[in-house]
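# Observations on chain architecture
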Amino acid sequence: MMRQFLRAKSQYPDAIVFFRLGDFYEMFYEDAERATGILDIALTSRGTGPDGNKIPMCGVPHHAAAGYLATLLRSGEKVAICEQMADPSSVKGVVPREVVRVVTPGLCLEPDALDAKSENFLVAVTPDGGVAALEVSTGCLRACEVEVGPHLVGELVRLDPPELVLATDDPQLRALCENTLPTAALRIATPRDTDTEPLGSLVSPSAHAELQSSPEAACAAHVALLYARAHRMDVRIHRADLYTPGARLVLDDAAVRNLELVRTLDGKRQGSLLGLLDETRTPMGARTLRSRLLEPLTDVERIRRRHDAVDIFAADPRFRDEVRVELGGMGDLERLAVRTGVGLATPRDLGAIRDGLRAARRIDAVLDGRPESTLDDVLAGLRPEDLCLDLLEALEDALVESPPTVDRQGGIFKAGHIEELDALRTLSTTSKDIVLDLERRERERTGIGSLKVKFTKVFGYYIEISNAKLDAVPSDYVRKQTVASGERFITAELADLQGRILHADERARALEASTFQALRRDVGEHAPRLHRIARTMAAIDVAAGLGEVAHKRGYVRPEMDGSRRLLLEESRHPTVEYFAPRGEFVPNTLELDPEATRFMLLTGPNMSGKSTAMRQAALAVIMGQAGGFVAARRAEIGVVDRVYTRVGASDKLARGQSTFMVEMTEASAILRGATDRSFVILDEIGRGTSTYDGLAIAWAVAEHLHDVVQCRAIFATHYHELCELADRAAHAANFNVAAKEHDDRMIFLHRLVPGGSNRSYGLAVARLAGVPPVVLARAQAKLDELEHLHAQNDERPSDQIALFAPAAPLQSEVGKTLHAIDIERMTPVDALVTLARLIDLAKQDDD
């Protein structure tokens with residue numbers, strides 16, 4: 001047996017081998033030691049190895065293996081499944097075992113290890129920018145060619161794969177991928193993964209022809225498919241696409257992260273835009289919505305057709321509810337079709353396919369009930385044969401309503417479906433009555449009233465006759481055993497009945513299992529049809545879900561065109577509005593027009609809502625071009641080719657990048673990649689360095705975006721000097737977020753108003769944050785001093801303002817601090833701290 005394990009391990013040395021032993025998957029040697037740390041299970045031992053030491057071992061129950069497997073995959077491990085290839089009860093000696101497949105984070109079909117609402121890509125990358133994304137659980141392959149650098153980073157972030165395969169061990173490419181996706185399992189293709197099997201033998205002729213038009217994309221696709229083949233993954237490709245990233249709205253990694261499109265900054269789905277918009281009722285609908293948010297369209301007509309579909313559902317609540325109720329019974333037809341095609345589907349999976357097809361039939365009936373049922377291209381092309389009614393009929397005829405999870409426990413097929421199975425079931429369930437009937441007949445035939453038919457596990461069925469009646473035993477009775485009270489006999493009829501009864505259950509289960517496997521193969525032949533209907537229902541699900549969101553939250557259909565205009569009237573931030581107390585979110589109107597103001601300089605205090613206003617504009621563009629409605633009273637969106645963001649402060653210290661370095665890197669990507677059709681939002685450019693360095697950088701960046709790139713942009717800053725830019729730039733205008741101070745309190749109005757702000761209200765915000773009064777007083781004193789010094793200078797100094805310049809002779813440090821203290825707001829503790837600080841300042845004045 002251990003030879004079998006060692007042979008399996010030698011085939012896949014980098015994988016943990018799940019070695020089937022009866023009802024457990026066992027792991028040995030270093031596999032066991034690795035697995036116990038990840039799975040938190042006990043490490044034991046078995047026998048001794050060649051070195052005389054105990055062999056480390058651990059194991060997991062076969063029936064619960066899926067959960068343990070999912071944990072290992074999340075840790076980036078590969079798992080080789082080594083199964084028993086025969087029934088142990090029918091084999092003498094060692095049961096034959098073989099590795100049947102190798103599961104990796106990107107090559108996984110187990111439902112427990114997959115996120116039903118997200119795609120699970122294995123991504124292959126070549127040094128020259130070929131990218132291929134293989135989704136084995138849905139049978140999809142996508143490939144493209146991008147420039148290595150920021151564009152590749154953006155594509156990897158959008159795909160978000162759990163596993164990456166590099167065509168070669170290129171150090172620069174490896175470093176880029178590791179920095180971009182630090183949690184993904186990174187592999188280097190080996191000679192075993194890249195054998196000589198040509199790409200044409202792995203995909204359909206049409207897909208091969210399309211991929212060949214881009215050599216790098218084809219190379220990446222080849223690497224991905226060969227990697228899957230080397231890991232014994234029976235890949236069924238139902239859709240292969242060559243795409244151009246620029247044919248959609250481009251979102252780089254900063255935009256996806258900063259706008260929290262699919263997860264929040266702390267990695268959670270709840271609180272993201274996707275979490276808010278996802279009202280889908282099917283797993284494939286949820287995956288489609290996620291894909292659309294990360295790949296908004298740029299084709300105006302396609303966008304409008306998506307809006308048409310949402311419009312119909314949003315406008316008709318009854319129709320929407322009818323469709324959504326039926327979608328709830330659809331299940332995940334897309335992934336179920338793949339599991340069926342590769343022979344992994346359970347009886348319950350086929351039952352789920354049947355139920356999904358039933359739901360599709362009912363949805364089709366609801367759609368036919370609408371005279372104007374032309375929702376979208378996919379729906380307009382829905383034909384009767386696409387509903388798989390013949391397959392549905394076959395499944396309904398065969399399966400019980402609630403099939404079991406495994407195929408060897410019986411109870412899969414309806415009564416009347418298999419005549420032989422019905423006979424075996426009848427024999428099994430009525431065996432007692434059959435035996436009693438035989439006993440009655442034998443009593444009548446022999447005239448022995450005390451004759452009994454009995455059963456023991458050792459001897460099986462027998463006829464027992466007492467000693468007093470042995471002279472009446474018929475000649476066809478065969479003596480089987482002598483007991484104290486009489487004799488036990490067997491007859492040909494009883495022996496035949498015993499064989500049939502004892503093996504009825506076993507034969508019934510075997511017959512059901514073989515019949516199920518045949519049915520599964522037949523259903524697998526229809527996998528392409530199931531994929532087509534799954535895609536159709538996913539599109540309907542997304543449209544109905546977005547219609548539900550629009551209806552509940554008052555979103556409007558945006559007017560889309562090819563201009564460069566952007567008008568958002570009374571717009572709101574979707575997630576901020578949702579989580580804010582009802583009625584407290586303040587909407588804002590924003591208008592950018594290439595013939596008027598296309599560059600907005602935005603000033604105002606911290607916490608006033610500048611960042612929210614900018615982000616809601618970017619989200620409106622993305623939502624509209626993804627095919628959804630937007631959070632506004634009215635919206636006009638001229639199609640955008642790229643959305644760029646530079647908001648917030650973050651660092652990547654582990655990668656040697658400070659906050660300011662990250663800021664400049666993101667700014668560089670914007671300046672190099674933006675076009676006149678882009679939409680750019682920037683917040684606080686230049687704040688990570690000295691005052692005049694930062695101001696100079698911010699000025700130059702704003703000037704370049706306005707004069708050279710000529711894109712639509714919102715530029716938020718605390719450098720009030722930048723307000724001068726609007727006086728000389730033809731298409732720039734100043735706006736600020738209104739705020740007021742009242743009785744030393746800050747009141748945020750959250751309303752965009754024309755004109756620049758000459759104050760940042762930093763001390764007021766610090767007071768709101770709970771900064772101690774003595775610190776606030778000292779800061780106010782120093783601010784007064786700096787403003788006084790600045791006003792005395794006729795010319796702007798060439799260096800940054802000296803924060804620790806000698807104090808003006810007008811007043812001592814103690815006096816200035818005392819003057820700034822708000823004693824009515826101080827607690828006793830604050831007063832004591834302030835007194836101690838004033839004593840220190842007095843000592844400094846004396847010195």
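Above this text sits the structure in question.
Read on for a plain summary of the structure. Predicted model, so just to flag it, every value in this text is computed and none were measured. (Residues numbered from 1 in each chain as written. Predicted model: local features only at pLDDT ≥ 70, side-chain atom pairs only at ≥ 80, totals over all residues. Heavy atoms only, no water.)

Counting buried positions over the five residues of strand β25 (residues 712–716) gives five, a clear majority of the element. The alternating pattern of β25 places Arg712, Ile714 and Ala716 and Ala713 and Phe715 on opposite faces, both of which are buried. Strand direction decides the pairing type here: strand β21 (residues 599–603) and β25, joined by four bridges, are parallel. Across the sheet, Leu601 pairs through a bridge with Phe715, a residue of β25. (Buried < 20%, exposed > 50% of the residue type's maximum accessible area, 1.4 Å probe, protein only. Helix = DSSP H or I, 4+ residues; strand = E, 2+ residues; numbered from the N terminus. Pairing = 2+ DSSP bridges.)

On to the sheet that holds strand β18 (residues 559–561), then. Read from one edge of the open sheet, four strands run β18-β22-β19-β20, paired in mixed fashion. This sheet does not close on itself; its edge strands, each paired only once, are β18 and β20 (588–592). Across the sheet, the mean angle separating the axes of adjacent strands is 15° when strand polarity is ignored. When β18 meets strand β22 (residues 634–638), the two strands line up parallel, connected through three bridges. In the strand pairing of β22, Asp561 is matched with Gly638. Each of β18, β19 (566–571), β20 and β22 is contacted by helix α22 (residues 610–626), which is oriented at about 75° to β22, the strand it contacts most. (Axes fitted to C-alpha atoms, helices over the stretch in contact; angles between N-to-C directions. Contact = heavy atoms within 4.5 Å.)

On to the packing of helix α14 (residues 347–368) against helix α16 (residues 389–398), then. Running from N to C, α14 and α16 cross one another at 130°; their axes reach a closest spacing of 9 Å. Looking at the two axes, α14 sits oblique to α16. Considering only the axes of α14 and α16, their crossing is left-handed. Residues Leu350, Ile353, Arg354, Leu357, Arg358 and Arg361 of α14 lie in contact with α16, whose contacting residues are Leu389, Leu391, Leu392, Leu395 and Glu396. For the contact of α14 with α16, the class distribution of residues is seven nonpolar, no polar and four charged. (Parallel < 35°, antiparallel > 145°, perpendicular 65-115°, else oblique. Left-handed = near helix turned anticlockwise from the far one by under 90°. Nonpolar A, V, L, I, M, F, W, Y, C, P; charged D, E, K, R; others polar.)

This paragraph deals with the side chain of Asp407. Looking at the element boundaries, Asp407 is found in the loop between α16 and α17 (419–429). The buried charged residue Asp407 lacks any salt bridge, with Arg408 as its nearest oppositely charged partner at 4.7 Å. (Lys, Arg positive; Asp, Glu negative; His and termini not counted. Salt bridge = Lys/Arg side-chain N within 4 Å of Asp/Glu carboxyl O.)

Counting residues in hydrophobic clusters, the biggest one holds 143 residues, and the most contacted among them are Leu261, Phe679 and Ile714. Dropping the residues within four chain positions of it, Leu261 is found in contact with Leu251, Ala255, Val256, Ser272, Leu273, Leu274, Leu293, Leu294, Leu619 and Ile622. Among the nonpolar cores identified, the runner-up in size contains 31 residues, and Val136, Leu199, Val203 and Val342 belong to it. (Core = buried A, V, L, I, M, F, W, Y, C linked by side-chain atoms within 4.5 Å.)

Right, let's get into the environment of Val542. Relative to the helices and strands, Val542 is located in helix α20 (residues 527–553). Between the C-alpha atom of Val542 and that of Gly628, which follows or precedes it by 86 residues, the distance is 9.2 Å. Contacts of Val542, omitting those with residues within four sequence positions, involve Thr280, Gly285, Thr288, Leu289 and Arg292.

Following the criterion strictly, the structure yields ten aromatic pairs and no others. A connected cluster of aromatic rings, assembled from ring pairs, spans Phe5, Phe19, Phe28 and Tyr29. Lying over the aromatic face of Tyr25, Arg20 brings its terminal NZ or CZ to 5.7 Å of the ring centre. Seen from the ring of Tyr243, Arg142 lies directly overhead, with NZ or CZ sitting 4.1 Å from the centre. (Phe/Tyr/Trp six-rings, centres within 6.5 Å; stacked < 30°, edge-to-face > 60°. Lys NZ or Arg CZ within 6 Å of the ring centre and 35° of its normal.)

Across all of its chains, the model carries 67 salt bridges by this definition. A salt bridge links Arg269 to Asp278; the nearest nitrogen and oxygen atoms lie 2.6 Å apart. Classification of Arg269 as partly exposed rests on a relative accessible area of 27%. Sharing partners across several salt bridges, the network here consists of Glu559, Arg565, Glu569, Glu591, Asp593, Arg633, Arg634 and Glu636.

The phi torsion of most residues other than glycine is negative, and most of the peptide bonds are trans. We note that Glu570 has phi near 50°; this positive angle belongs to a residue other than glycine. Topologically, Glu570 is positioned in strand β19. Residue Glu570 is classed as partly exposed on the basis of its relative accessible area of 23%.

Here the focus is helix α7 (residues 215–230). Counted at 1.5 Å a residue, the expected span for α7 with its 16 residues is 22 Å, and the 22 Å between its end C-alpha atoms agrees. Within α7, twelve of the 16 residues are buried, leaving the element largely enclosed by the surrounding structure. Residues of α7 that are buried: Glu216, Ala217, Ala218, Ala220, Ala221, Val223, Ala224, Leu225, Leu226, Tyr227, Ala228 and Ala230. Immediately beyond the C-terminal end of α7, within one or two residues, lies Arg232, with a positive phi of roughly 60°. (Expected span 1.5 Å × (residues − 1).)

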